[in-house]
Amino acid sequence: MRAVVIREPGGPEVLEVREVDAPDVPDGHVRVAVRFAGVNRADLLQRLGFYPAPPGAPQDVPGLEYSGVVEATGKGARRFAPGDRVFGLLAGGAYAERVVAHEREVAPVPDGLTDEEAAAVPEAFVTAYDALVTRARLAPGERALVHAVGSGVGTAGLQIARALGCFVVGTSRTQDKLDRCRELGLHAGIATSGATFADEVLKATGGAGVDVVLELVGGAYVGEDLKACASKARIALVGLTAGASTELDLRELLRKRIELFGTVLRSRPLEEKIAAAQVLERNISPWLASRAVRPVVDRVFPISDAAAAHIYVASNASFGKVLLQLGG
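Described in the following lines is the structure provided in the data block.

Conventions adopted
- Residue numbering note: each chain is counted from 1, following its sequence as written.
- Selection of residues for local features in this predicted model requires a pLDDT of at least 70, selection of side-chain atom pairs for listing and counting requires 80 or more, and totals for whole chains, interfaces and linings are taken over all residues.
- To obtain the side-chain values, all non-hydrogen atoms of the structure were used and water was disregarded.
- A run of DSSP states H or I qualifies as a helix once it reaches four residues; a run of E qualifies as a strand once it reaches two. Both are numbered from the N-terminal end.
- Atoms considered for the radius of gyration are the C-alpha atoms alone. The globule rule reads 2.2 Å times the number of residues to the power 0.38.
- The buried label goes to any residue with under 20% of its type's maximum accessible area, the exposed label to any with over 50%, and the partly exposed label to all in between, with areas taken from a 1.4 Å probe on protein chains only.
- Any two residues whose heavy atoms approach within 4.5 Å at even a single point are treated as in contact.
- Accessible surface is estimated by sampling points in the Shrake-Rupley manner with a 1.4 Å probe; for residues, cover comes only from the protein chains shown.
- Under this rule, positive means Lys or Arg and negative means Asp or Glu; His and the chain ends count for nothing.
- Charge positions come from single atoms, namely NZ of Lys, CZ of Arg, CG of Asp or CD of Glu.
- In short, DSSP must find at least two bridges between two strands for them to pair.
- Exposure above 30% relative accessible area and the lack of any salt bridge qualify a residue for a patch; like charges then connect within 9 Å, and the nonpolar side chains Val, Leu, Ile, Met, Phe, Trp and Tyr within 5 Å.
- Throughout this description, the term salt bridge denotes a Lys or Arg side-chain nitrogen within 4 Å of a carboxyl oxygen of Asp or Glu.
- As used in this structure description, the phrase polar contact means that two N or O atoms lie within 3.5 Å; if the pair is within protein, one of them must be able to donate a hydrogen and the other to accept it, and residues adjacent in sequence are counted only when both atoms belong to side chains.
- Handedness of a crossover is defined as follows: with both strands directed away from the viewer, a clockwise route from the first strand across the helix to the second makes it right-handed.
- Between the N-to-C directions of two axes lies an angle of 0 to 180 degrees, each axis being a line fitted to C-alpha atoms and, for a helix, fitted only over the stretch in contact.
- Orientation labels follow simple angle bins: below 35 degrees gives roughly parallel, above 145 gives roughly antiparallel, 65 to 115 gives roughly perpendicular, and whatever is left gives oblique.
- Left-handed describes a crossing whose near helix is turned anticlockwise from the far helix through less than a right angle; right-handed describes the clockwise counterpart.
- In this classification, Asp, Glu, Lys and Arg are treated as charged, Ala, Val, Leu, Ile, Met, Phe, Trp, Tyr, Cys and Pro as nonpolar, and every other residue, Gly included, as polar.
- Put simply, a disulfide is two cysteine sulfurs that come within 2.5 Å.

### Here's the deal with the overall build of the protein chain
Right, so step 1: Looking only at helices and strands, the protein chain has 10 helices and 15 strands in total.
Right, so step 2: The C-alpha atoms of the protein chain give a radius of gyration of 19 Å, which matches the 20 Å a tight globule of 328 residues would have.
Right, so step 3: Seen through its C-alpha atoms, the protein chain measures out along the principal axes to roughly 55 × 40 × 35 Å.
Right, so step 4: When each of the 328 residues of the protein chain is scored for burial, the buried share is 55%.
Right, so step 5: Of all intrachain contacts in the protein chain linking residues separated by at least 6 positions in sequence, the fraction that spans at least 24 positions is 70%.
Right, so step 6: When the accessible area of the protein chain is evaluated, it comes to approximately 13600 Å², of which 50% is carbon and sulfur surface.
Right, so step 7: For the protein chain, the separation between the mean place of its 37 positive charges and that of its 40 negative charges on side chains is 4 Å.

Set out below in structure tokens:
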């Protein structure tokens with residue numbers, strides 16, 4: 001099969017399409033013929049040598065999410081049959097024409113969703129749901145702040161919060177992305193050129209502040225989040241594009257009784273990854289089927305243009321998800 005291989009740590013030019021052995025199918029697993037794979041910032045970090053895949057995952061083939069068709073099943077695997085359309089998350093290896101996953105880590109694609117749309121769902125929507133709902137306990141009627149709202153996880157988080165009936169404030173460095181997010185239900189958009197947004201958030205919420213923050217930027221944004229939060233707010237730290245360190249006024253954290261926590265999906269053990277797949281199937285797929293939420297696909301690159309896809313994601317120009325096409 002063909003796969004995009006990281007020749008060595010470095011720039012986009014180290015990505016090469018090679019012929020590699022197709023994976024075997026262990027007991028309880030399924031092999032999927034991949035049609036589309038999502039391109040995520042974690043892939044860029046892995047290519048640079050900063051975010052190695054966990055043990056058991058391919059170290060030189062990036063890719064955390066996919067959509068495709070079941071090709072073969074291992075002994076004891078009964079959830080799916082060859083020909084079933086599926087999607088899901090992986091610890092790595094999705095930039096390949098075939099992947100293998102435990103059958104309980106795989107979810108059926110909802111009716112009405114194309115393979116292209118399906119590939120834009122797992123990482124963005126599971127990450128956003130896990131952070132906002134599972135961890136931060138976002139409840140109907142609350143106020144949410146979503147940073148980098150035009151990103152893949154940002155557009156997913158916005159729509160999940162809206163599906164729950166929440167008031168949503170979003171930030172972006174690009175006014176055009178904020179305008180496009182209004183079509184997805186964004187109530188208030190704040191164009192940021194740095195970590196100074198708290199006053200605008202308070203203004204948008206009538207001085208009340210927000211109950212939950214989906215923090216996809218990190219760095220100095222976290223300190224500003226504390227100022228924008230209401231009492232007993234929860235901040236879910238998911239991304240660190242603005243940096244991994246900052247200075248916080250802990251008095252604000254204490255005074256407002258704010259909860260601040262971090263979360264990642266990739267390095268979780270199997271049972272937790274199975275739980276994530278159940279969230280995808282049980283909680284997110286019904287919304288997708290009813291079009292209460294929808295995946296946002298910006299551009300699709302052929303497998304031969306994986307380097308160009310990485311360059312495009314790094315440019316911050318994309319709105320929603322960027323995909324690789326691996327099969328027809």
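### Topic: the pairing of strand β8 (residues 143-146)
Right, so step 1: For β8 and strand β9 (residues 167-172), the ladder comprises 4 bridges, and the chain directions are parallel. Counterpart to L145 in the pairing with β9 is V169.

### Concerning unusual backbone geometry
Right, so step 1: Positioned with a positive phi, A148 is a non-glycine residue whose angle comes to about 45 degrees.
Right, so step 2: Within the secondary structure layout, A148 lies in the loop between β8 and α4 (152-163).
Right, so step 3: The class of A148 is partly exposed, set by a relative accessible area of 26%.

### Looking at a nonpolar patch on the surface
Right, so step 1: Judged by side-chain polarity, L45, L48 and F50 come together as a nonpolar surface patch covering roughly 300 Å² of accessible area.
Right, so step 2: With respect to the element layout, F50 can be found in the loop between α1 (41-48) and β4 (65-73).

### Quick look at the side chain of R268
Right, so step 1: Residue placement: R268 occurs in the loop between β13 (259-262) and α9 (270-290).
Right, so step 2: Look at R268 and you get buried, because its relative accessible area is 16%.
Right, so step 3: Among the polar contacts listed, one links the side chain of R268 to the side chain of D130, at a separation of 2.8 Å.
Right, so step 4: Separated by 2.8 Å, the side chains of R268 and T263 make a polar contact.
Right, so step 5: Apart from the residues lying within four places of it in its own chain, the contact partners of R268 are D130, T263 and K273.

### What about the pairing of strand β10 (residues 188-191)?
Right, so step 1: Covered by surrounding structure in β10 are A188 and I190 only, the residues G189 and A191 on the alternate face being uncovered.
Right, so step 2: With helix α5 (residues 175-182) bridging β9 and its parallel neighbour β10, the resulting β-α-β unit is right-handed.

### Examining the packing of helix α3 (residues 122-135) against α4
Right, so step 1: At a minimum axis distance of 8 Å, the contact between α3 and α4 shows a crossing angle of 55 degrees. In terms of orientation, α3 and α4 fall into the oblique class. Along this stretch, α3 crosses α4, giving a crossing that reads as right-handed. Where α3 approaches α4, its residues E123, A124, F125, T127, A128, Y129, L132 and V133 are matched on the opposing element by G152, V153, A156, G157, Q159 and I160.
Right, so step 2: Looking at the contact of α3 with α4 residue by residue, the classes come out as 9 nonpolar, 4 polar and 1 charged.

### With respect to the packing of α3 against α9
Right, so step 1: One can describe the packing of α3 onto α9 by two numbers: an axis separation of 10 Å at closest approach and a directional angle of 95 degrees. Regarding the angle of α3 to α9, the classification is roughly perpendicular. Counted together, P122, F125, V126 and Y129 of α3 and A276, V279, L280, N283, I284 and W287 of α9 form the full contact between these two elements.
Right, so step 2: Split into classes, the residues belonging to the contact of α3 with α9 amount to 9 nonpolar, 1 polar and no charged.

### Describing the pattern of salt bridges
Right, so step 1: Under the definition given, this model contains 22 salt bridges.
Right, so step 2: Where R2 meets E97, a salt bridge forms, and the shortest distance between an N and an O atom there is 3.0 Å. You can see R2 sitting in strand β1 (residues 2-6) and its partner E97 sitting in the loop between β5 (85-89) and β6 (98-102), a full 95 residues away along the chain.
Right, so step 3: A relative accessible area of 31% means that R2 is categorised as partly exposed.
Right, so step 4: Among the ionic pairs, E271 bridges to R104, the shortest N-O distance being 3.8 Å. Of this pair, E271 sits in helix α9 while R104 sits in the loop between β6 and β7 (106-108), and the two are 167 residues apart along the sequence.
Right, so step 5: Put simply, R7, E8, E16 and R18 are held in one network by salt bridges that share partners.

### Re the state of the cysteines
Right, so step 1: A complete count under the given rule lists 0 disulfides for this structure.
Right, so step 2: We note that C181 lacks a disulfide partner, and the nearest cysteine sulfur, in C166, lies 16 Å from it.
Right, so step 3: The class for C181 is buried, based on a relative accessible area of 0%.

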